[in-house]
Amino acid sequence: LPAFRDPKLLTKDEHFKEVPVRIYLPRAPSASKRRAVIFIHGGCGMFGSIRSYEKVCRYIARESDSVVMSVGYRLAPEHKYPGQNLDCLGAAVHFLETAESYGVDSGRVIICGDSAGATFSTSVCQELVDRTDIPKIRAQVMIYPFLQALNFNLPSYQQNAFIPLLSRKRLIHFIIKYLNKDSALEDALLKGSHVPESINLKYGKWINPDLIPDEFKQGYKSPGSASCVAQAYKELKEVFETTFSPLLAEDSVICRLPDTCIITCEYDVLRDDGLLYKKRLEDNNVQVTWHHLAEGFH
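The name recorded for the protein chain in an unreviewed UniProt entry is ADCL4 protein, from Crypturellus soui.

A look at the environment of Asp210
Tracing the backbone shows Asp210 in the loop between helix 7 (197–203) and helix 8 (230–235). What makes Asp210 exposed here is its relative accessible area of 63%. Each C-alpha atom, one on Asp210 and one on Leu154, is 9.6 Å from the other, the two residues being 56 residues apart in sequence.

A few points about the packing of helix 2 (residues 83–98) against helix 3 (residues 116–127)
Where helix 2 meets helix 3, the axes come as close as 9 Å, and the angle between the chain directions of the two elements is 60°. By the criterion of interaxial angle, the relationship of helix 2 to helix 3 is oblique. Judged by the twist between their axes, the crossing of helix 2 over helix 3 is right-handed. Of the residues in helix 3, those touching helix 2 at Gln84, Asn85, Cys88, Leu89 and Ala92 are Phe120, Ser123, Val124 and Glu127.

A word on the packing of aromatic side chains
Throughout the structure, instances matching the rule amount to 13 aromatic pairs. Taking 6.0 Å as the distance between ring centres and 65° as the angle between the ring planes, the aromatic pair formed by Tyr81 and Tyr178 counts as edge-to-face. Placement of Tyr81 in the loop between strand 4 (67–71) and helix 2 and of Tyr178 in helix 5 (residues 168–178) is noted, with a sequence separation of 97 residues between them. Judged on exposure class, the residue Tyr81 and its partner Tyr178 are both buried. Put simply, the rings of Tyr81, Phe146, Tyr178 and Phe244 pair up and form one aromatic cluster.

A look at the layout of surface pockets
The space that makes up the largest pocket amounts to roughly 510 Å³. At the level of elements, helix 6 (186–191) and helix 7 are the ones that each hand at least two residues to the lining of the largest pocket. Among the elements that make up the lining of the largest pocket, the one with the highest residue count is helix 7 (4 residues). Counted by class, the lining of the largest pocket contains 12 nonpolar, 9 polar and 3 charged residues.

Some details on the pattern of salt bridges
A complete count under the given rule lists 19 salt bridges for this structure. For Arg138, the salt bridge is made with Asp259, and the minimal N-O distance between the two is 3.1 Å. Taken as a pair, Arg138 in the loop between helix 3 and strand 6 (139–143) and Asp259 in strand 7 (residues 259–267) lie far apart in primary sequence, 121 residues in all. Under the relative-accessibility criterion, Arg138 is labelled partly exposed at 43%. Since its relative accessible area comes to 30%, Asp259 is described here as partly exposed. Glu282 is the partner of Lys278 in a salt bridge, and the nearest nitrogen-oxygen pair spans 3.2 Å. Pair noted here: Lys278 and Glu282 are both in helix 10 (residues 271–283), with a separation of 4 residues, about one helical turn. Judged by its relative accessible area of 38%, Glu282 falls in the partly exposed class. Each of Asp6, Asp13, Arg22, Glu54, Arg58 and Arg62 takes part in one network of salt bridges that share partners.

So, helix 2
Spanning 16 residues, helix 2 covers 23 Å between terminal C-alpha atoms, matching the ideal 22 Å at 1.5 Å per step. Helix 2 sits mainly inside the fold: 12 of its 16 residues count as buried.

Some details on the sheet that holds strand 4
On the basis of which strands lie adjacent, the open sheet formed by 8 strands has the order 1-2-4-3-5-6-7-8 and mixed pairing. The open sheet terminates on both sides in strands that have one partner only, identified here as strand 1 (9–16) and strand 8 (288–297). Taken pair by pair, the neighbouring strands of this sheet meet at an average axis angle of 20°, ignoring direction. On top of the sheet, helix 1 (residues 54–64) reaches strand 1, strand 2 (19–26), strand 3 (34–40) and strand 4; it is set at about 35° to strand 2, its chief contact. Relative to the sheet, helix 10 contacts strand 6, strand 7 and strand 8, its axis offset from that of strand 7 by approximately 150°.

Looking at the domain arrangement of the protein chain
Domain assignment breaks the protein chain into domain 1 (9–143) and domain 2 (155–240). For the pairing of domain 1 and domain 2, the buried interface totals around 710 Å² over both sides, and the portion due to carbon and sulfur atoms is 70%. Broken down residue by residue, the surface that domain 1 buries against domain 2 is led by Cys44, Met46 and Tyr81, which jointly contribute 61%. Along the contact surface separating domain 1 from domain 2 lie 0 salt bridges. Across the contact surface, domain 1 and domain 2 share 1 residue pair in polar contact (both at pLDDT 80 or more). Tallied by class, the residues present in the side of domain 1 that touches domain 2 amount to 7 nonpolar, 3 polar and 1 charged.

Rules used throughout
- Residues numbered from 1 in each chain as written.
- Predicted model: local features only at pLDDT ≥ 70, side-chain atom pairs only at ≥ 80, totals over all residues.
- Heavy atoms only, no water.
- Helix = DSSP H or I, 4+ residues; strand = E, 2+ residues; numbered from the N terminus.
- Buried < 20%, exposed > 50% of the residue type's maximum accessible area, 1.4 Å probe, protein only.
- Axes fitted to C-alpha atoms, helices over the stretch in contact; angles between N-to-C directions.
- Parallel < 35°, antiparallel > 145°, perpendicular 65-115°, else oblique.
- Left-handed = near helix turned anticlockwise from the far one by under 90°.
- Contact = heavy atoms within 4.5 Å.
- Phe/Tyr/Trp six-rings, centres within 6.5 Å; stacked < 30°, edge-to-face > 60°.
- 1 Å grid on protein atoms, 1.4 Å probe; cavity = no way out; pocket = protein on both sides within 12 Å on 5 of 7 lines; lining within 4 Å.
- Points joined across faces, edges and corners; volume = space filled by probe spheres on them.
- Nonpolar A, V, L, I, M, F, W, Y, C, P; charged D, E, K, R; others polar.
- Salt bridge = Lys/Arg side-chain N within 4 Å of Asp/Glu carboxyl O.
- Expected span 1.5 Å × (residues − 1).
- Pairing = 2+ DSSP bridges.
- Domains from an automatic or database assignment.
- Buried area = accessible area lost by both parts, 1.4 Å probe.
- Polar contact = N/O pair within 3.5 Å; in protein donor to acceptor, adjacent residues only side chain to side chain.

Shown next as structure tokens:
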């Protein structure tokens, strides 16, 4: 679908590495090269599009006087995981390589996403830490990110289990659909019986309710540890990859990530994912700005 007409913006539809993108360029002349935002939309990797997020991207471009590139990654389950991550990575790399042709200062490019879009943008940042052939991402903005699939009984998952629009049950259902797995595995994800004890021991230092500040733990009850079901682990191995659960990345990667802004909402099952990542970044001396919406929801 064509872009909306906007008197303050010029829009271009292009393909970067076969991935459709829409670029929003402020029409007003600029005395210097502009900043840019790589925007990756949410929707559990299965919903959303460039068009459905056009109002958001136009607003960002106008209000920040920045060039915005919106990524139209291909959707699951037709386009299988990790195709979404690869589409976002390919488009981001191409934009960084060609930023100056759009009047952009290649040293002032940030990446931003909401929900699954924040997952993909975080994955892109982690993938690029070793790249020396392209400009560095200046900062990342994570709007209520999904970051781990090991523990769905953290305080925020218990407190907001039945809150629309993203209940705990619906989130788990979407994960199973996104990975194109049997719906019978939903119960294993909920209980944590897809996680072997060795993985719990390895990542418990990062995914642990004890790391959540007390003010966010009202009414929390520890569910106890679930016995691992070998078949569930075998079927759901993808969830332990850092492209799916970026919170599991090693400190050697985390410490080299760019400045980060994290936005969390009180009435959101994913709230604690953001809080745990915030702590990991701070523990690794990454500059973090955190905004919490006390009355916000997913």
